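Architecture and fold: a report
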Amino acid sequence: MYDPSQLRTFLAVAQTLSFTQAARRLGLRQSTVSQHVRRLEDTAGRQLFTRDTHSVELTEDGEAMLGFARRILEAHEQAAAFFTGTRLRGRLRFGASEDFVLTRLTEILEGFRHEHPEVDLELTVELSGTLHEQLADGKLDLVLAKRRPEDPRGELVWHDRLVWIGAERLRLDPERPVPLIVYPPPGITRALALEALERQGRAWRIACTSGSLNGLIAAARAGLGVMAHSRGLVPPGLVRIPDRAGLPELGEVDFVLVHAKRHTAAKSAADALASSILAGGNRLYRGAP
């Protein structure tokens, strides 16, 4: 009933919220992307996106289609792997940023291990900046991490906004420096938060530094301060800081997959894992419990 090529296009648009970015990811013309989405909407008999000249958003039916599309494509990939007899082997060094600690990345990795049991998968969880450095040094084969919007590296998994979050009961005193809960350098969200406050001329102080997302969340839940975080990954027990607090806009951030520049024996395995992550990207974006 549903064309896999149209479902892949739908997932790419849903994850990037951009027909242009989806076309770039899939190597298609933007008109083809629009045509795929329109045909899928015709097949489903429902509108999957609301869109205008400035934004693209999923409808309620589009949200429902996410899960169906992912499961249909997974079944196609499993059948293809079974009947083509593809057997990937070797060692794959994969790095994921701290942002994904509370998401359902584990489900994607578990599925990959089930499909490719002869691949020795080594997982490194670190700050995005550190992972990019390790990839450049040849210590990793594939990285899933943040990048700054102006950074051209990597294949876009999804595009998001950064927001200020904290405990619901937290109240900021406009006369005192903003208490910040941050990753240590070279954390990307740390740098973007400090740059935004500096542009606004707002005083700040570091209330907590931790290289662990769980450490930052614990500090935020205790009301020690505010932290910059992806809008799509707000942890349970924390809320967005209201606009009346007067904190500056943080801008946008991309989550990307970046392959090692040098071709290694792990390239085929890295390509397969990257495909699994792209197909299941909605589980990451909406994966916080």
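Everything below is about the structure shown above.
First things first, this report covers the structure right here in the doc. (Residues numbered from 1 in each chain as written. Predicted model: local features only at pLDDT ≥ 70, side-chain atom pairs only at ≥ 80, totals over all residues. Heavy atoms only, no water.)

Let us look at the overall build of the chain. A tally of helices and strands in the chain yields 10 helices and 11 strands. The C-alpha atoms of the chain give 20 Å as radius of gyration, which agrees with the globular expectation for 289 residues (19 Å, within 12%). The dimensions of the chain, computed from C-alpha atoms along their principal axes, are 65 × 45 × 30 Å. In the chain, of all internal contacts separated by at least 6 residues, the share reaching a separation of at least 24 is 77%. For the chain, the accessible area works out to roughly 14200 Å², and carbon and sulfur atoms hold 49% of it. Charged side chains in the chain number 38 positive and 36 negative. The centres of these two groups are separated by 1 Å. (Helix = DSSP H or I, 4+ residues; strand = E, 2+ residues; numbered from the N terminus. Rg over C-alpha atoms; globule rule 2.2 N^0.38 Å. Contact = heavy atoms within 4.5 Å. Areas by Shrake-Rupley, 256 points an atom, 1.4 Å probe, with all protein chains shown as cover. Lys, Arg positive; Asp, Glu negative; His and termini not counted. Charge placed at Lys NZ, Arg CZ, Asp CG, Glu CD.)

Tallying each qualifying case throughout the model produces 12 salt bridges. Close ionic contact of aspartate 141 with arginine 93 constitutes a salt bridge, the shortest N to O distance being 3.0 Å. Residue aspartate 141 is located in the loop between α6 (128-136) and β5 (142-147), and its partner arginine 93 is located in strand β3 (residues 90-97); the two are separated by 48 residues in the primary sequence. For arginine 93, a relative accessible area of 17% corresponds to the buried category. The partner of lysine 146 in a salt bridge is aspartate 99, and the shortest N-O contact between them spans 2.7 Å. Taken together, the positions of lysine 146 in strand β5 and aspartate 99 in the loop between β3 and α5 (105-115) put the pair 47 residues apart, joining distant regions of the chain. (Salt bridge = Lys/Arg side-chain N within 4 Å of Asp/Glu carboxyl O. Buried < 20%, exposed > 50% of the residue type's maximum accessible area, 1.4 Å probe, protein only.)

Across the two faces of strand β9 (residues 227-230) the burial is the same, with Met227 and His229 and Ala228 and Ser230 all buried. Relative to β9, strand β6 (residues 155-166) is paired through 4 bridges, and the arrangement is antiparallel. Bridge pairing in β9 places leucine 162 opposite serine 230. (Pairing = 2+ DSSP bridges.)

This part is about a nonpolar patch on the surface. Judged by side-chain polarity, Val101, Leu123 and Val125 come together as a nonpolar surface patch covering roughly 210 Å² of accessible area. Mapping valine 125 onto the fold places it in strand β4 (residues 119-126). (Patch = residues over 30% accessible without salt bridge, like charges linked within 9 Å, V, L, I, M, F, W, Y side chains within 5 Å.)

Quick look at the side chain of glutamate 98 now. Within the secondary structure, glutamate 98 sits in the loop between β3 and α5. One buried charged residue, glutamate 98, forms no salt bridge at all, with the nearest opposite charge on lysine 146 at 9.3 Å. Here the side chain of glutamate 98 touches leucine 213 through a polar contact of 2.8 Å, landing on its backbone nitrogen. If we ignore the near neighbours within four places in the chain, the residues touching glutamate 98 are Val125, Glu126, Leu127, Tyr183, Gly211, Ser212 and Leu213. (Polar contact = N/O pair within 3.5 Å; in protein donor to acceptor, adjacent residues only side chain to side chain.)

Another point: unusual backbone geometry. In this structure, proline 186 follows proline 185 across a cis peptide bond, with omega equal to 5 degrees. Checked against the element boundaries, proline 186 lands in the loop between β7 (178-182) and α7 (188-200). Residues other than glycine seldom take positive phi values, yet leucine 17 does so here, at roughly 50 degrees. Topologically, leucine 17 is positioned in the loop between α1 (4-16) and α2 (19-26).

Applying the stated criterion across every chain, the model contains 3 cavities of 30 Å³ or more. In this model, the second largest cavity occupies a volume close to 60 Å³. Sort the elements by how many residues they give to the lining of the second largest cavity and α7 lands first, with 3 residues. The class makeup of the residues in the lining of the second largest cavity is 7 nonpolar, 1 polar and 1 charged. (1 Å grid on protein atoms, 1.4 Å probe; cavity = no way out; pocket = protein on both sides within 12 Å on 5 of 7 lines; lining within 4 Å. Points joined across faces, edges and corners; volume = space filled by probe spheres on them. Nonpolar A, V, L, I, M, F, W, Y, C, P; charged D, E, K, R; others polar.)

Once that is clear, we can look at the packing of aromatic side chains. The full count for this structure, using the stated rule, is 5 aromatic pairs. Seen from their ring centres, phenylalanine 100 and phenylalanine 255 are 5.6 Å apart, and the 70 degrees between their planes marks the pair as edge-to-face. A residue pair is termed long-range when its members are at least 10 positions apart, and phenylalanine 100 in the loop between β3 and α5 and phenylalanine 255 in strand β11 (residues 252-259) qualify at 155 residues. Overall, phenylalanine 100 belongs to the buried group, its relative accessible area being 3%. (Phe/Tyr/Trp six-rings, centres within 6.5 Å; stacked < 30°, edge-to-face > 60°.)

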